[in-house]
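# Fold and contact review
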Amino acid sequence: MSHLRGENKKIILRGTEVAYCLKTSGRAKNLRITIKPGGRVNAVRPRFLDERAVEKFLTQKADWILDKIFKLKNKKNLLAIGDRRDFLKNRQIARDLVFNKLSKFNDFYKFDYNRVAIRDQQTRWGSCSAKKNLNFNYRIALLPDRLADYVVAHELCHLRELNHSPRFWNLLSLSLPDYKFLRHELRVSY
């Protein structure tokens with residue numbers, strides 16, 4: 001979806017004022033609510049849905065929204081920290097870490113890959129393209145070693161399975177049998 005301009009709005013949910021960004025999309029078929037790191041609320045509505053319907057939906061989902069905001073505001077969110085200076089300071093550390101882990105896991109998998117990039121991404125730890133390019137967030141250098149292992153092995157397995165099918169998870173389990181626990185820890189703690 002392309003970037004949509006949004007209007008900043010406020011609503012009272014269970015006695016708490018909640019700011020949200022309301023966007024309208026010609027491509028949206030349903031109302032979609034997302035809570036971003038830090039507790040920022042976004043709502044994307046189809047053109048045919050008026051603001052009153054959005055507010056009614058937000059009110060109906062108040063408990064879920066407030067719970068999610070609370071959890072995200074109180075979670076260590078490494079993806080939301082740092083600036084250009086942090087990126088420049090940690091990029092080489094992350095690069096060395098990633099290449100060491102790629103070497104370790106690829107001794108097992110023996111996959112071919114092309115470019116490896118260290119980026120300043122706000123929403124993901126890593127990615128793999130159809131062209132076999134691997135991208136990693138520089139903040140991987142701030143993770144515990146076991147979670148950095150998970151991120152690198154996860155992206156490496158995407159070289160064979162560019163999806164999250166059962167075949168992908170089976171492939172990942174060959175090098176990380178406890179991948180479910182690691183995945184959960186990364187999602188919940190960081």
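Here the structure is shown first, and the text comes after it.
In this report, we go over the structure that sits alongside the text. These figures come from a predicted structure and were not determined experimentally.

This part is about the packing of aromatic side chains. In this structure the tally under the stated criterion is five aromatic pairs. When the ring of F87 is compared with that of Y138, the centres are 5.4 Å apart and the planes differ by 70°; the resulting orientation is edge-to-face. Residue F87 is found in helix α3 (residues 84-109), and its partner Y138 is found in the loop between β7 (134-137) and α4 (145-157); the two are separated by 51 residues along the sequence. Judged by centre distance (5.2 Å) and plane angle (15°), the rings of W169 and Y179 are stacked. A residue pair is termed long-range when its members are at least 10 positions apart, and W169 in helix α5 (residues 166-175) and Y179 in helix α6 (residues 179-189) qualify at ten residues. We note that W169, like Y179, is buried. Put simply, the rings of F108, Y109 and F111 pair up and form one aromatic cluster.

Moving on, we come to the nonpolar core. Among the nonpolar cores identified, the biggest contains 36 residues, and F136, I140, L143, Y150 and L172 are the most heavily contacted of them. Of all the secondary structure elements, the ones that give two or more residues to this core are α3, β5 (116-119), β7, α4, α5 and α6. Look past the residues within four positions of F136 in its chain and what remains in contact with it is V98, V116, A117, I118, R119, Q121, W125, G126, V151, V152 and E155. Listed in part, the 16 residues of the second largest apolar core include I11, L13, Y20 and A62.

Now for the sheet that holds β7. The strand order across the open sheet built from three strands is β5-β7-β6, with neighbouring strands paired in mixed fashion. Across the chains shown, the open sheet's two edge strands, defined by having one partner strand only, are β5 and β6 (126-128). When the angles between neighbouring strand axes are averaged without regard to direction, this sheet yields 15°. Sheet topology places β5 next to β7; four bridges connect them, and they run parallel. Bridging across to β7, V116 finds its partner in L134.

What follows is about α6. Two residues of an α-helix separated by three or four positions point the same way, owing to the 3.6 residues in each turn. Within α6 the residues assigned to the buried category are Y179, L182, E185 and L186. For α6, the angular spread of buried residues about the axis comes to 125°, placing them on one side. Pointing more than 90 degrees away from the buried face of α6 are the exposed residues K180 and R187. Tucked inside the fold, the buried residues of α6 contact α4 and α5.

The next subject is the packing of α3 against α4. The N-to-C vectors of α3 and α4 enclose an angle of 60°; their axes lie 9 Å apart at closest approach. Judged on the interaxial angle alone, α4 and α3 are oblique. Here α3 and α4 pass one another in a crossing that is right-handed. Side by side, α3 and α4 meet where L97, V98, K101, L102, K104, F105, N106 and Y109 of the first sit next to D145, A148, D149, V152, A153, L156 and C157 of the second. Within the contact of α3 with α4, the residues separate by chemical class into ten nonpolar, one polar and four charged.

The next point concerns the side chain of K9. Relative to the elements of secondary structure, K9 occurs in strand β1 (residues 6-13). On the basis of relative accessible area, K9 is assigned to the buried category, the value being 18%. Only 3.3 Å separates the side chain of K9 from the side chain of E7, close enough to count as a polar contact.

About the criteria used
- Residues numbered from 1 in each chain as written.
- Predicted model: local features only at pLDDT ≥ 70, side-chain atom pairs only at ≥ 80, totals over all residues.
- Heavy atoms only, no water.
- Phe/Tyr/Trp six-rings, centres within 6.5 Å; stacked < 30°, edge-to-face > 60°.
- Helix = DSSP H or I, 4+ residues; strand = E, 2+ residues; numbered from the N terminus.
- Buried < 20%, exposed > 50% of the residue type's maximum accessible area, 1.4 Å probe, protein only.
- Core = buried A, V, L, I, M, F, W, Y, C linked by side-chain atoms within 4.5 Å.
- Contact = heavy atoms within 4.5 Å.
- Pairing = 2+ DSSP bridges.
- Axes fitted to C-alpha atoms, helices over the stretch in contact; angles between N-to-C directions.
- Arc of directions from axis to C-beta.
- Parallel < 35°, antiparallel > 145°, perpendicular 65-115°, else oblique.
- Left-handed = near helix turned anticlockwise from the far one by under 90°.
- Nonpolar A, V, L, I, M, F, W, Y, C, P; charged D, E, K, R; others polar.
- Polar contact = N/O pair within 3.5 Å; in protein donor to acceptor, adjacent residues only side chain to side chain.

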